[in-house]
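# Structural overview
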Amino acid sequence: EAQVTQNPRYLITVTGKKLTVTCSQNMNHEYMSWYRQDPGLGLRQIYYSMNVEVTDKGDVPEGYKVSRKEKRNFPLILESPSPNQTSLYFCASSLSTKDWQYFGPGTRLTVT
Amino acid sequence: QKEVEQNSGPLSVPEGAIASLNCTYSDRGSQSFFWYRQYSGKSPELIMFIYSNGDKEDGRFTAQLNKASQYVSLLIRDSQPSDSATYLCAVNPHKLIFGTGTLLAVQP
């Protein structure tokens, strides 16, 4: 089954404790992206990747890091989480930047 | 001006009626247009895409695109309570840009 998976699905953590949210797709997609979704603000892109070892900032990259060492994986790293990073996070992938994106199930992160 | 604008709603329609959802965009270079449905707490799922001016129909859904007016819409015929969700318009001038969504409530 074609899918994008994310782990964990739910995470409660404390300020400053480094965390990683994993994302994996099995569709051989080149383009992958991370979004955060907050009430009233919609989906905002954090980082994206056009291919292996090619990543770039989206609209709200501050406080986040990503890597793309393999085509299928695109982890999101929060080195020192803060409460304003409490949000619903989605990973997405597509064949290219022009195509529609498949979304993962989401990770609900709470930083206290 | 926001790049992709949608009325946040809620748009309330009775069961069996036509729901009309609208979206305007600012970048005239936009080439592809998408409608996603998102249930509360779930991930967005693609329901329609359209690339050319005019109408595109898929079952109960019709997407309409007017590039001259920078306007894209989604019609849902015979609306069902299960259609109650937030509908996200997404436009792709060079990357996918999402509107904030319209909440649709279908009343039984």
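If you're wondering where the values come from, they're calculated on a predicted model, not measured in any experiment.

### Remarks on the overall build of chain B
For chain B, the count of helices and strands is zero helices and eleven strands. Scaling as 2.2 N^0.38, a compact globule of 108 residues should have a C-alpha radius of gyration of about 13 Å, and chain B matches this with 13 Å. In terms of its C-alpha atoms, chain B occupies a principal-axis envelope of roughly 40 × 30 × 20 Å. Across the 108 residues in chain B, those meeting the buried criterion constitute 44%. For chain B, restricting intrachain contacts to residue pairs at least 6 apart in sequence, the fraction spanning at least 24 positions comes to 53%. As displayed, chain B has an accessible area near 5000 Å², and 48% of this comes from carbon and sulfur atoms. Across chain B, the mean location of the 9 positive side-chain charges is 5 Å away from that of the 10 negative side-chain charges.

### Points about the state of the cysteines
Here, the word disulfide means a covalent bond between the sulfur atoms of two cysteines. Inspection of every chain in the model, using the stated rule, returns two disulfides over all chains. A sulfur-sulfur distance of 1.8 Å marks the disulfide that ties Cys23(A) to Cys91(A). The chirality of the disulfide connecting Cys23(A) with Cys91(A) is left-handed, given an S-S dihedral of about -70 degrees. On the criterion of sequence distance, the pair formed by Cys23(A) in strand S3 (residues 19–25) and Cys91(A) in strand S9 (residues 87–94) is long-range, its members being 68 residues apart. Owing to a relative accessible area of 3%, Cys23(A) belongs among the buried residues under this scheme. One disulfide bridge connects Cys23(B) with Cys89(B), the sulfur atoms lying 2.1 Å from each other. Note on the Cys23(B) and Cys89(B) pair: the S-S dihedral is about -70 degrees, so by sign convention the disulfide is left-handed. Of this pair, Cys23(B) sits in strand S3 (residues 19–25) while Cys89(B) sits in strand S9 (residues 85–92), placing them 66 residues apart in sequence. On the basis of relative accessibility, which here comes to 0%, the residue Cys89(B) falls in the buried class.

### Points about unusual backbone geometry
Backbone torsion omega between Asn7(A) and Pro8(A) reads -5 degrees, so that peptide bond is classified as cis. Mapping Pro8(A) onto the fold places it in the loop between strand S1 (4–7) and strand S2 (10–13). With an omega of 10 degrees, the peptide bond between Gly9(B) and Pro10(B) qualifies as cis. Tracing the backbone through its elements, the reader meets Pro10(B) in the loop between strand S1 (4–5) and strand S2 (11–14). With a phi close to 65 degrees, Glu53(A) is a non-glycine residue in the positive phi region. Along the chain, Glu53(A) falls in the loop between strand S5 (42–51) and strand S6 (54–57). What makes Glu53(A) exposed here is its relative accessible area of 60%.

### Details of the pairing of strand S4 (residues 31–38) of chain A
All names here are of chain A. Among the eight residues of S4, eight are classified as buried, and the element is accordingly described as predominantly covered. Alternating residues of S4 divide into Tyr31, Ser33, Tyr35 and Gln37 and Met32, Trp34, Arg36 and Asp38, and every residue in both groups is buried. Inspection of the sheet shows S4 paired to S9 by seven bridges, in the antiparallel sense. Looking at the pairing, Arg36 lines up with Tyr89 of S9. Bridge analysis of S4 against S5 gives seven bridges, and the strand direction is antiparallel. Residue Trp34 lies in a different strand from S5, and its bridge partner there is Tyr47. Connecting S4 to the next strand, S5, in antiparallel fashion are three residues, including Gly40 with a positive phi near 80 degrees.

### Thoughts on the pattern of salt bridges
The tally for this structure, following the rule as stated, stands at seven salt bridges over all chains. For Asp59(A), the salt bridge identified is with Lys95(B), shortest N-O distance 3.2 Å. Residue Asp59(A) is found in the loop between S6 and strand S7 (65–66), and its partner Lys95(B) is found in the loop between S9 and strand S10 (97–98); the two belong to separate chains. Residue Lys95(B) is classed as buried on the basis of its relative accessible area of 15%. In this structure, Lys65(A) engages Glu79(A) in a salt bridge whose closest nitrogen and oxygen atoms are separated by 3.0 Å. Of the two residues, Lys65(A) is situated in strand S7 and Glu79(A) in the loop between strand S8 (76–78) and S9; the sequence distance between them amounts to 14 residues. The partly exposed category is assigned to Lys65(A), whose relative accessible area is 42%. In the salt-bridge network here, residues are joined through shared partners; they are Arg36(A), Asp38(A) and Arg44(A).

The rules behind the values
- Residues numbered from 1 in each chain as written.
- Chains lettered and ligands numbered in written order.
- Predicted model: local features only at pLDDT ≥ 70, side-chain atom pairs only at ≥ 80, totals over all residues.
- Heavy atoms only, no water.
- Helix = DSSP H or I, 4+ residues; strand = E, 2+ residues; numbered from the N terminus.
- Rg over C-alpha atoms; globule rule 2.2 N^0.38 Å.
- Buried < 20%, exposed > 50% of the residue type's maximum accessible area, 1.4 Å probe, protein only.
- Contact = heavy atoms within 4.5 Å.
- Areas by Shrake-Rupley, 256 points an atom, 1.4 Å probe, with all protein chains shown as cover.
- Lys, Arg positive; Asp, Glu negative; His and termini not counted.
- Charge placed at Lys NZ, Arg CZ, Asp CG, Glu CD.
- Disulfide = S-S within 2.5 Å.
- Pairing = 2+ DSSP bridges.
- Salt bridge = Lys/Arg side-chain N within 4 Å of Asp/Glu carboxyl O.

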